[in-house]
Every structure is written in structure tokens, then in C-alpha cells.
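Each chain, written out:
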Amino acid sequence: MTLTFATYVFTYPWVLTIAFFAIAGGVIGAMIWSWQLRADKIAALYTDPDPETRCIYLDNGTLRLDIIRRRAAWRFRVKPLLGLLQVEDIAIVTLRPDGSSETFTFEKRGRDFLSITKVHLPHVFVAHLSVGHERSREFVVSFGGDRASSGLHDVARRSKAKPGPED
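Residues numbered from 1 in each chain as written. Predicted model: local features only at pLDDT ≥ 70, side-chain atom pairs only at ≥ 80, totals over all residues. Heavy atoms only, no water.

Caption draft 1: Region of interest: the overall build of the protein chain. Helix and strand counts for the protein chain come out as four helices and nine strands. Listing every helix and strand of the protein chain by position from the N terminus yields α-α-β-β-β-β-β-β-β-β-β-α-α. Looking at the protein chain as a whole, 34% of its 167 residues qualify as buried. Long-range pairs, those at least 24 residues apart, make up 48% of the contacts in the protein chain between residues at least 6 apart in sequence. (Helix = DSSP H or I, 4+ residues; strand = E, 2+ residues; numbered from the N terminus. Buried < 20%, exposed > 50% of the residue type's maximum accessible area, 1.4 Å probe, protein only. Contact = heavy atoms within 4.5 Å.)

Written as C-alpha cells, this is what we have:
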């Protein structure tokens, strides 16, 4: 006697029930996993673990800009939390209270972008973050102590014009 699918299902109905619940459980598990990833990204927008971390809100996403220590050197890290970004879309020009400026370019490391050049101490400066390739938007972010005592208020006022690299 040949056992067909229909006769097997009618003979052993529990097999079909187990298969259904296994597939349904896998689909539900995948949905929960993807929802959890999205929820972690959204929760990261509202937490600021480090006072030297800056969140920048764009039209098509959000960036987190901070200074991290990597292999005994301080570097800028740009982490796209929501949205897509390319290496050539990011550039930072810093302006210090003494008038010196420095330009930083980036390289991709995993999901983050790290500056190629080191950020020198002290971390008291105004950073001009340019985001975008064709339609570039610029954001002015200050790092360091309070703005009044460190001279950053004057630097931020003077930096309305985009600073160029130091000659």
C-alpha cells in the first residue's frame, strides 16, 4: 500500500499541527527579533551615555558624533543610528580658541566612521560637521568646557563663515 500525503495527514494529524506551530513560532521569533533591533536603535536616540557625545538629527536619519580613544589616540567617531551614509559624505573642520583649524576625513570601520587623523588634546574646540555629498548640510558642534570660560563662545561666533584648513 502506498502512503500518500493525504492519507498520512489523516492518519497522523499531530504531524501537521507540529509543523504549523514550528513555522508559526519561527515567523513570530523573527518578527520579535527584528522589532527588538529597531527598538534598540530608537532607544539609542534618546540616551546620551557620554557628555562628549552629540546627537545630530538629519532629515533622513540621525548621527551620533563623539570622540573616542582608539589605540592610544583620540579620534572622532560618527555613528549613523538611523539612515545610510557613505565615507565621502562626512567631513569635520575644527576651530580652536587660539584660531588654529584642522580638517578630518573618515574611514569606515564596521558600521561606524572613524577619523583618519588624531584629535589632539585639549578637546576644546568648535567642530563644523559637513554631511552630504551634493547637498551638503553643515552643523556646528562645540566640545570642551563651558563656552563662556573657554572662549568657545567667541569661536562659535567667528566660525559662522566656514573655516578652511590651516596654511
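Caption draft 2: Spotlight on the sheet that holds strand 5 (residues 101–104). Pairing within the open sheet is antiparallel, and its four strands lie in the order 5-4-8-9. Taken across any chain shown, the strands that pair with only one partner, and hence form the sheet edges, are strand 5 and strand 9 (137–143). The mean inter-strand angle of the sheet, taken between neighbouring strand axes irrespective of direction, is 20 degrees. Where strand 8 (residues 125–131) meets strand 9, seven bridges bridge the pair, whose relative direction is antiparallel. Paired with Ser-130 across the two strands is Glu-138, which belongs to strand 9. (Pairing = 2+ DSSP bridges. Axes fitted to C-alpha atoms, helices over the stretch in contact; angles between N-to-C directions.)

Caption draft 3: Examining the pairing of strand 8 more closely. Among the seven residues that make up strand 8, seven are buried, leaving the element largely enclosed by the rest of the structure. On strand 8, burial covers both faces: Phe-125, Ala-127, Leu-129 and Val-131 on one face and Val-126, His-128 and Ser-130 on the other are all buried.

Caption draft 4: Looking closely at the packing of aromatic side chains. One pass over the full model with this rule turns up six aromatic pairs. Each ring, one from Phe-20 and one from Phe-21, has its centre 5.3 Å from the other, and the planes form 70 degrees; the classification is edge-to-face. As far as burial versus exposure is concerned, Phe-20 and Phe-21 are alike and both exposed. Centroid distance Phe-76 to Phe-125: 5.9 Å. Interplanar angle 75 degrees. Geometry classified as edge-to-face. Note that Phe-76 is positioned in strand 3 (residues 73–82) and Phe-125 in strand 8, a separation of 49 residues in sequence. Exposure remark for Phe-125: the relative accessible area of 0% places this residue in the buried category. (Phe/Tyr/Trp six-rings, centres within 6.5 Å; stacked < 30°, edge-to-face > 60°.)

Caption draft 5: Local environment of the sheet that holds strand 2 (residues 62–70). Judged by pairing direction, the sheet is antiparallel, and its five strands sit side by side in the order 1-2-3-7-6 without closing on themselves. Because the sheet does not close on itself, it has two edges, and the strands there are strand 1 (54–57) and strand 6 (106–109). In this sheet, neighbouring strand axes are inclined to one another by 30 degrees on average, regardless of whether the strands run parallel or antiparallel. Here strand 3 pairs with strand 7 (residues 112–115) via two bridges, running antiparallel. Residue Arg-77 lies in a different strand from strand 7, and its bridge partner there is Leu-114.

Caption draft 6: Looking closely at a nonpolar patch on the surface. Nonpolar side chains collect at one region of the surface, where Leu-3, Tyr-8, Tyr-12, Trp-14 and Ile-18 lie side by side and expose about 530 Å² of accessible area between them. Here Tyr-8 is to be found in helix 1 (residues 5–11). (Patch = residues over 30% accessible without salt bridge, like charges linked within 9 Å, V, L, I, M, F, W, Y side chains within 5 Å. Areas by Shrake-Rupley, 256 points an atom, 1.4 Å probe, with all protein chains shown as cover. Salt bridge = Lys/Arg side-chain N within 4 Å of Asp/Glu carboxyl O.)

Caption draft 7: Structural detail: the environment of Asp-59. For Asp-59, the location among the structural elements is in the loop between strand 1 and strand 2. For Asp-59, a relative accessible area of 68% translates into the label exposed. Residues Asp-59 and Gly-83, 24 residues apart in the sequence, show an inter-C-alpha distance of 9.2 Å.

Caption draft 8: Main features of the pattern of salt bridges. Counted under the stated rule, the structure contains three salt bridges. Among the salt bridges present, the one from Arg-77 reaches Asp-66, with a minimum N-O distance of 2.8 Å. A residue pair is termed long-range when its members are at least 10 positions apart, and Arg-77 in strand 3 and Asp-66 in strand 2 qualify at eleven residues. With a relative accessible area of 4%, Asp-66 lands in the buried category. Ionic pairing is found between Arg-109 and Glu-107, a salt bridge with its closest N-O pair at 2.7 Å. Take Glu-107: its relative accessible area is 29%, and that puts it in the partly exposed class. Here the salt bridges share partners, and the residues they tie into one network are Asp-66, Arg-77 and Asp-112.

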